[in-house]
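Summary of structural features
Below, each chain spelled out in residue letters.
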Number of protein chains: 2
Amino acid sequence: MSESTRPMRRQDIRRENEKAILLAAEKVFAEAGFGGATMQLIADLAGLPKANLHYYFATKEELYRSVVQNIFEIWLQAANCFDAARGPVDGISAYIDAKMEISRRHPDGSKVWASEVMHGAPVLQDYMESTLREWTDGRVEIIRRWIEEGKMDPVDPRHLLYMLWATTQHYADFGHQIETLNGGKSLSDRQWREAKENIKRVILTGIGAQPA
Amino acid sequence: MSESTRPMRRQDIRRENEKAILLAAEKVFAEAGFGGATMQLIADLAGLPKANLHYYFATKEELYRSVVQNIFEIWLQAANCFDAARGPVDGISAYIDAKMEISRRHPDGSKVWASEVMHGAPVLQDYMESTLREWTDGRVEIIRRWIEEGKMDPVDPRHLLYMLWATTQHYADFGHQIETLNGGKSLSDRQWREAKENIKRVILTGIGAQPA
DNA sequence: CTGAAAGCTGACCATACGGTCAGGATGCAA
DNA sequence: TTGCATCCTGACCGTATGGTCAGCTTTCAG
């Protein structure tokens, strides 16, 4: 496998190692939290000597910051679903799908994000006060318009957003609990689909937007 | 204040100190996670020398375990709401109220609980596989009956429960984010009431149970 | 009053962790 | 080929942390 790609170019080396480190870090930070995570553990998981980590990321904080920012990017991308939509059914459905897909594909990242916020967002405070606030305000405005246009019931837009975040995020952050209650097995494709459908149905019905 | 109660009895001393330690520990564990928490920090917050902590709780793990179990008790008490109810409107309303009150009054405990589950429930695995599973199965059965009796739409009971947990828990775990988006201020009485009302309304409407 | 049990604590220890660094290996442009 | 920048790493260091302990003080039963 990796033997065939012997002559690695500098650029590739850097990219691959950073990727490996970030992936390992994401997992370790998710499992142990920032305080419980160890550079040694991350190094082992990435298959690199610890000193090499410090070559790419000067400090533990810097590495953590990179991991958190990565997830924030992904998180924000799911936002586009809202803008492209013409009504609550399209918009909210797409958003739920997107966020559930994140919970499924990036459970570790989701946990790191949750942990970051839970501990007072020491790294992301700036982002929350600028980017996130703007994004939220924009979405609130969209929802408000939908309400004015009679496309949904007059529900408080902010609490609706919180509900969307909470419900979707839960499948990542509390994945272990859900697995345990599912007989120790992770959710199947079908169960994930059912989860999405249930959430969409309850929320869309709940806000008085007729599901297509 | 404390000067007036000079002659403290042994029992009182023990109870008060354990209480102070547990309270401080809950806060520190919530803010820093298990790995980031320090016995020294907990001791300082409790106003006791560090060695005194180890007199009451032999190890950090034992102290943590106590904190987690405490919260689990509170969490389970909110369960009763479900049993006493005659239908989904009563039951789910009361449960949402109870869980929101926990999020409001015990945000630190909620965070510790969330953290514990996120990290794979190293301490609570047994409880989850026994007590929590039983509780959940029982509630699933109740919801199923409500559906059979035509009191609500046929929604998957498990995913409905997850939705209730997620939505209510969110106000504790992501309280910092909510505060930030609320202009840096914590939610007022009125805003908490609105939050509860919104959640109840969307979910009850969403499952086809007419709000009283 | 007395002695033992419970409560308390400063000083100490071993370990683990984040981070450093000198110096070797490797890719690459000229 | 040569020289240099990048990449790599074993060995090391200072510090912080969980935990211990000897000996002190306080409570209280008899």
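In this text the structure is predicted, and so the values were computed from the model without any measurement.

1. Focus on the relation of the copies chain A and chain B
Superposition record for chain A on chain B: RMSD 0.1 Å, screw rotation 180 degrees, translation along axis 0.0 Å. The transformation relating the two chain copies, once decomposed into turn and shift, fits a two-fold axis. Considering only C-alpha atoms, the residue of chain A closest to the rotation axis is Gly206(A), which sits at 1.8 Å. Residue by residue, 100% of the interface of chain A is reproduced at the interface of chain B, so both copies engage with the same surface.

2. Side note on the side chain of Gln177(B)
Residue placement: Gln177(B) occurs in helix α10 (residues 175-181). On the accessibility criterion, Gln177(B) (2% relative accessible area) is buried. Not counting chain neighbours up to four residues away, the residues in contact with Gln177(B) comprise Trp113(A), Val117(A), Met128(A), Leu132(A), Trp165(A) and His170(B).

3. Remarks on the protein's contact with DNA strand D
The immediate surroundings of DNA strand D are formed by 21 residues, with Arg14(A), Tyr55(A), Tyr56(A), Arg10(B) and Lys60(B) found nearest. Separating a base oxygen of DNA strand D from a side-chain N or O atom of Lys50(B) is a distance of 2.8 Å. Of all the secondary-structure elements, those providing two or more residues to the surface near DNA strand D are α1 (10-36) and α3 (50-56) of chain A together with α3 (50-56) and α4 (60-77) of chain B. Residue composition of the surface near DNA strand D, grouped by class: nine nonpolar, five polar and seven charged.

4. Remarks on the packing of helix α6 (residues 88-105) of chain A against helix α11 (residues 189-206) of chain A
Residues and elements named next belong to chain A. As a packed pair, α6 and α11 sit with axes 10 Å apart at the nearest point and diverge in direction by 145 degrees. Between α6 and α11 lies a crossing whose hand is right-handed. Facing Pro 88, Val 89, Ile 92, Ser 93, Ile 96, Asp 97, Met 100, Glu 101, Ser 103 and Arg 104 of α6, the residues of α11 in contact are Asp 189, Trp 192, Ala 195, Lys 196, Ile 199, Lys 200, Ile 203 and Leu 204. The class makeup of the residues in the contact of α6 with α11 is 10 nonpolar, two polar and six charged.

5. Remarks on the protein's contact with DNA strand C
Close to DNA strand C lie 21 residues; Lys50(A), Lys60(A), Arg14(B), Tyr55(B) and Tyr56(B) are nearest. The sugar-phosphate backbone supplies 59% of the atoms of DNA strand C found within 4 Å of the protein. Backbone polar atom of Ala37(A) to a phosphate oxygen of DNA strand C: 3.2 Å apart, as the coordinates give it. Sorting the residues of the surface near DNA strand C by element identifies α3 and α4 (60-77) of chain A together with α1 (10-36) and α3 of chain B as the ones contributing at least two each. The residue inventory of the surface near DNA strand C, partitioned by class, reads nine nonpolar, five polar and seven charged.

6. Regarding the confidence of the model for chain A
Detailed reading of the predicted model is not advised wherever pLDDT is low. Averaged over every residue, the pLDDT of chain A is 93; residues scoring 70 or more account for 95%. Contacts for the low-pLDDT stretch residues 1-6 of chain A, under 50 throughout, to residues beyond four places or in other chains number zero contacts.

7. A few points about the nonpolar core
Formed by 139 residues in total, the largest nonpolar core has its most connected members in Leu63(A), Ile92(A), Leu63(B) and Ile92(B). Ile92(A) has contacts with Phe82(A), Trp146(A), Leu160(A), Leu164(A), Ile203(A), Leu204(A) and Ile207(A), leaving out every residue within four places of it along the chain.

8. Describing the side chain of Lys111(B)
Locating Lys111(B) in the fold gives a position in helix α7 (residues 107-118). In this structure Lys111(B) is buried but unpaired, with Asp108(B) as the nearest side chain of opposite charge at 4.7 Å. Here Lys111(B) is in contact with Met118(A), Ala30(B), Ala172(B) and Asp173(B), once residues within four sequence places are set aside.

9. What about the domain arrangement of chain A?
All names here are of chain A. Domain boundaries in chain A define domain 1 (10-58) and domain 2 (67-206). Look at where the C-alpha atoms of domain 1 and domain 2 centre, and you get two points 28 Å apart. Counting residues at the interface gives six residues for domain 1 and seven residues for domain 2. Carbon and sulfur atoms make up 67% of the surface buried where domain 1 meets domain 2, a total of about 590 Å² over both sides. Across the contact surface, domain 1 and domain 2 share zero salt bridges. Residue classes in the side of domain 1 that touches domain 2 are distributed as four nonpolar, no polar and two charged.

About the thresholds
- Residues numbered from 1 in each chain as written.
- Chains lettered and ligands numbered in written order.
- Predicted model: local features only at pLDDT ≥ 70, side-chain atom pairs only at ≥ 80, totals over all residues.
- Heavy atoms only, no water.
- Least-squares fit on C-alpha atoms with pLDDT ≥ 70 in both.
- Contact = heavy atoms within 4.5 Å.
- Helix = DSSP H or I, 4+ residues; strand = E, 2+ residues; numbered from the N terminus.
- Buried < 20%, exposed > 50% of the residue type's maximum accessible area, 1.4 Å probe, protein only.
- Near = heavy atom within 4 Å.
- Polar contact = N/O pair within 3.5 Å; in protein donor to acceptor, adjacent residues only side chain to side chain.
- Nonpolar A, V, L, I, M, F, W, Y, C, P; charged D, E, K, R; others polar.
- Axes fitted to C-alpha atoms, helices over the stretch in contact; angles between N-to-C directions.
- Left-handed = near helix turned anticlockwise from the far one by under 90°.
- pLDDT = per-residue confidence, 0-100.
- Core = buried A, V, L, I, M, F, W, Y, C linked by side-chain atoms within 4.5 Å.
- Lys, Arg positive; Asp, Glu negative; His and termini not counted.
- Salt bridge = Lys/Arg side-chain N within 4 Å of Asp/Glu carboxyl O.
- Domains from an automatic or database assignment.
- Buried area = accessible area lost by both parts, 1.4 Å probe.

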